[in-house]
Amino acid sequence: MTSGKKTKATRNSVAAARSSVVASKPKPWGTIIAVIAVLGLAGGVFGYAYSQIHANNVKEAALAKWKPSDTNKDPSTALAGVVIKEYKGSRHVQPTQRVAYDQTPAFGGPHDATWADCTGVVYDKAIRTENIVHGLEHGAVWIAYNPDQVKDDALNKLKVKVEGIPYMALSPFPGLDKPISLQSWGHQLKLEKADDERVDQFISSLLRNPNTYPEVGASCENPQFLSNPAPFVAEKPGADAVPMDGGKDESVTEGQPNASTPPASDSVSTPPSS
């Protein structure tokens, strides 16, 4: 009996000791806090991703009415302030010639045979008008801005809409009468602010809209021009400038295969005469 009591007492003592150890063992607060932090971070990431997706969906829905369709070939006609003109395409001038454009910035008419690269390029300096107008003929949208009025955050907002996006180009335009001017072939819209919703509406309506530009399917890529852009000339064209109904008609050449290949010449780097 004594042996049994000792055994039972020993067991009770061991159990009490174990309970004491378990009771006195500290909780792993570091691990708990780390897990909570990870879960919170994951929730924040998913929440941000969801909000971004939702915002993009809302934006796409808002732009739906500004996308060309069989029943609405040119949605830009509903844009407040848009200017629309008819221009004949495929009329070329020499790299040393100026054109007496009827609009500033120009958005149609005779132009250089070499086009400015418009593959989502953000030019840090003003470029020659005669070259970028040719890019418009290929379906591009060109955003010009007054460098004295559009800077910092406003400029960054425009860059986001252009950089890396095919058939888009952005460049400063010294002396521009409004802070921002958007051009596509035969279309122009001048605006005061970079966050104006009409910027996206113009782009959605006219970027490579096959109903509004002459050379559907033409390339906007021109590495030669991109590496050495022809410079902007601020002076007004002289009496020898090519008129709006001038230039060499190359409509037959432009329609032939490989007409989208930039001319193999040094014309892209030759400054025009003033």
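Please refer to the structure higher up on the page.
The paragraphs below set out a description of the structure included in this document. Given the structure is predicted, the values throughout are model-derived calculations rather than measurements.

## Details of the environment of Asn146
Right, on to step 1. With respect to the helices, strands and loops of the structure, Asn146 is situated in the loop between strand 5 (141-145) and helix 4 (152-162).
Right, on to step 2. Along the backbone, Asn146 and Ser171 are 25 residues apart, and their C-alpha atoms lie at a distance of 9.0 Å.
Right, on to step 3. When residues no more than four places from it in sequence are discounted, the contact partners of Asn146 are Phe173, Gly175, Leu176, Lys178 and Pro179.

## Concerning the pattern of salt bridges
Pairing is possible between side chains of opposite charge, provided their charged atoms come close.
Right, on to step 1. This structure, assessed with the given rule, holds 12 salt bridges.
Right, on to step 2. One salt bridge connects Lys161 with Asp200, and the closest N-O pair in it is separated by 3.0 Å. A residue pair is termed long-range when its members are at least 10 positions apart, and Lys161 in helix 4 and Asp200 in helix 5 (residues 198-206) qualify at 39 residues. Each member of the pair, Lys161 as well as Asp200, is classed as buried.
Right, on to step 3. As a salt-bridge pair, Lys190 and Asp177 come within 2.8 Å of each other at their nearest N and O atoms.

## Section: the sheet that holds strand 3 (residues 111-112)
Right, on to step 1. Ordered by their spatial adjacency, 3 strands build an open sheet running 3-2-9, and the pairing between neighbours is mixed. Looking at strand neighbours, the two that pair on one side only are strand 3 and strand 9 (248-249), the edges of this open sheet.
Right, on to step 2. Pairing between strand 2 (residues 91-93) and strand 9: 2 bridges, direction antiparallel. Note that in strand 9 the partner of Arg91 across the bridge is Asp249.

## Structural notes on helix 3 (residues 129-137)
Right, on to step 1. The buried fraction of helix 3 is high, at 9 of 9 residues.
Right, on to step 2. Among the residues making up helix 3, those that are buried are Thr129, Glu130, Asn131, Ile132, Val133, His134, Gly135, Leu136 and Glu137.
Right, on to step 3. The positive-phi residue at the C-terminal boundary of helix 3 is Gly139, with phi of around 100°.

## Examining the state of the cysteines
Right, on to step 1. The tally for this structure, following the rule as stated, stands at 1 disulfide.
Right, on to step 2. Across the disulfide from Cys118 sits Cys220; the S-S distance is 1.7 Å. One quick way to see it: the torsion about the S-S bond of Cys118 and Cys220 is about -85°, and its sign makes the bridge left-handed. Of the two residues, Cys118 sits in the loop between strand 3 and strand 4 (119-122) while Cys220 sits in the loop between helix 5 and helix 6 (223-227), which places them 102 residues apart along the sequence.
Right, on to step 3. You can call Cys118 buried: its relative accessible area is 0%.
Right, on to step 4. Given a relative accessible area of 2%, Cys220 falls into the buried group.

## Some points on the packing of aromatic side chains
Right, on to step 1. If you walk through the whole model with that rule in mind, you get 5 aromatic pairs.
Right, on to step 2. Taking the centre distance of 5.6 Å and the plane angle of 85° together, the rings of Tyr87 and Phe107 count as edge-to-face. Here Tyr87 is found in the loop between strand 1 (83-84) and strand 2, whereas its partner Phe107 is found in the loop between strand 2 and strand 3, with 20 residues between them in sequence.
Right, on to step 3. Taking relative accessible area as the criterion, Tyr87 reaches 14% and is therefore assigned buried.
Right, on to step 4. Taking 6.2 Å as the distance between ring centres and 75° as the angle between the ring planes, the aromatic pair formed by Tyr87 and Trp185 counts as edge-to-face. On the criterion of sequence distance, the pair formed by Tyr87 in the loop between strand 1 and strand 2 and Trp185 in the loop between strand 7 (180-184) and strand 8 (187-191) is long-range, its members being 98 residues apart. Of the two residues, Tyr87 and Trp185, neither departs from the other in class, the shared state being buried.

## So, the side chain of His187
Right, on to step 1. Within the secondary structure, His187 is located in strand 8.
Right, on to step 2. Polar contacts involving the side chain of His187 include one to the main-chain carbonyl oxygen of Trp185, which spans 2.8 Å.
Right, on to step 3. If we skip the residues at most four places from it in the chain, His187 touches Asp74, Ser76, Val83, Ile84, Phe107, Leu182, Phe202, Leu206 and Thr212.

## Looking at unusual backbone geometry
Right, on to step 1. A cis amide bond links Thr104 to the next residue, Pro105, at an omega of -10°.
Right, on to step 2. Counting through the fold element by element, Pro105 comes out in the loop between strand 2 and strand 3.
Right, on to step 3. Of note, the phi angle at Asp152 is positive, near 50°, even though the residue is not glycine.
Right, on to step 4. Along the chain, Asp152 turns up in helix 4.
Right, on to step 5. By relative accessible area, which is 62% here, Asp152 ends up exposed.

Rules and cut-offs
Residues numbered from 1 in each chain as written. Predicted model: local features only at pLDDT ≥ 70, side-chain atom pairs only at ≥ 80, totals over all residues. Heavy atoms only, no water. Helix = DSSP H or I, 4+ residues; strand = E, 2+ residues; numbered from the N terminus. Contact = heavy atoms within 4.5 Å. Salt bridge = Lys/Arg side-chain N within 4 Å of Asp/Glu carboxyl O. Buried < 20%, exposed > 50% of the residue type's maximum accessible area, 1.4 Å probe, protein only. Pairing = 2+ DSSP bridges. Disulfide = S-S within 2.5 Å. Phe/Tyr/Trp six-rings, centres within 6.5 Å; stacked < 30°, edge-to-face > 60°. Polar contact = N/O pair within 3.5 Å; in protein donor to acceptor, adjacent residues only side chain to side chain.

None of the figures reported here should be taken as evidence of function without further support.
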